Amino acid sequence: MDGFKIVLEIAPTLIALFFAIQIFRSSGALDLIVRFLTPIGKLLKIPKEVLPVIFAKLFSSSAATGFLLDIYKTSGPDSLAGFMSSVILSSTETCFYTLSVYYSVVGIEKIRYTLTGALLAVFVGTFISVFISYF
């Protein structure tokens, strides 16, 4: 019975997050962000195809996996973009998803320091993943 109660508490957050991601993708906002991040990606030698994976991973692992599968179809799993995306997905966490779901269940509202630490960890993990992919 406790498990069902937890599902009822988590469901609104999951549904809202799912719809927000779909709206974000459909509206073209993701394409705009990728265009904005492309110069930074070039500076860090991150292929353009990997940028949506990095951004989507912050919010949804399944969305990032969808982008990864697109990279596998177009460039192949053994390509630099495919390998780098795979390493990034295995070394970072969906910090906004984790914060929204787990903290809403427990009732924690002040996430300032947790969010800062989580984003720092994601960026360090991403940078190390890019480095490892070239190494």
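Keep in mind it's a predicted model, so treat the numbers as computed, not measured.

## Quick word on the packing of aromatic side chains
Any pair of aromatic rings gets described here by the distance separating the centres and the angle formed by the planes.
Item 1. Per the counting criterion, the structure on display carries three aromatic pairs.
Item 2. Taking 4.8 Å as the distance between ring centres and 10 degrees as the angle between the ring planes, the aromatic pair formed by Phe59 and Phe96 counts as stacked. In this pair, Phe59 is assigned in the loop between helix H3 (51–57) and helix H4 (61–74) and Phe96 in helix H6 (residues 95–106), connecting sequence segments 37 residues apart.
Item 3. When the centroid spacing of 6.3 Å and the interplanar angle of 10 degrees are considered together, the rings of Phe131 and Phe135 count as stacked.
Item 4. One aromatic cluster is present, formed by Phe55, Phe59 and Phe96 through successive ring pairs.

## Things to note about the side chain of Thr38
Item 1. Inspection of the secondary structure puts Thr38 in helix H2 (residues 29–43).
Item 2. Assessed through its relative accessible area of 14%, Thr38 is described here as buried.
Item 3. Here Thr38 is in contact with Lys48 and Leu51, once residues within four sequence places are set aside.

## Observations concerning the confidence of the model for the protein chain
Item 1. Averaged over all residues, the pLDDT of the protein chain is 84; the fraction at 70 or higher stands at 97%.
Item 2. At the level of individual helices and strands, the protein chain shows its lowest average pLDDT in helix H1 (residues 2–27), which scores 74, and its highest in helix H5 (residues 80–91), which scores 93.

The rules behind each value
Residues numbered from 1 in each chain as written. Predicted model: local features only at pLDDT ≥ 70, side-chain atom pairs only at ≥ 80, totals over all residues. Heavy atoms only, no water. Phe/Tyr/Trp six-rings, centres within 6.5 Å; stacked < 30°, edge-to-face > 60°. Helix = DSSP H or I, 4+ residues; strand = E, 2+ residues; numbered from the N terminus. Buried < 20%, exposed > 50% of the residue type's maximum accessible area, 1.4 Å probe, protein only. Contact = heavy atoms within 4.5 Å. pLDDT = per-residue confidence, 0-100.

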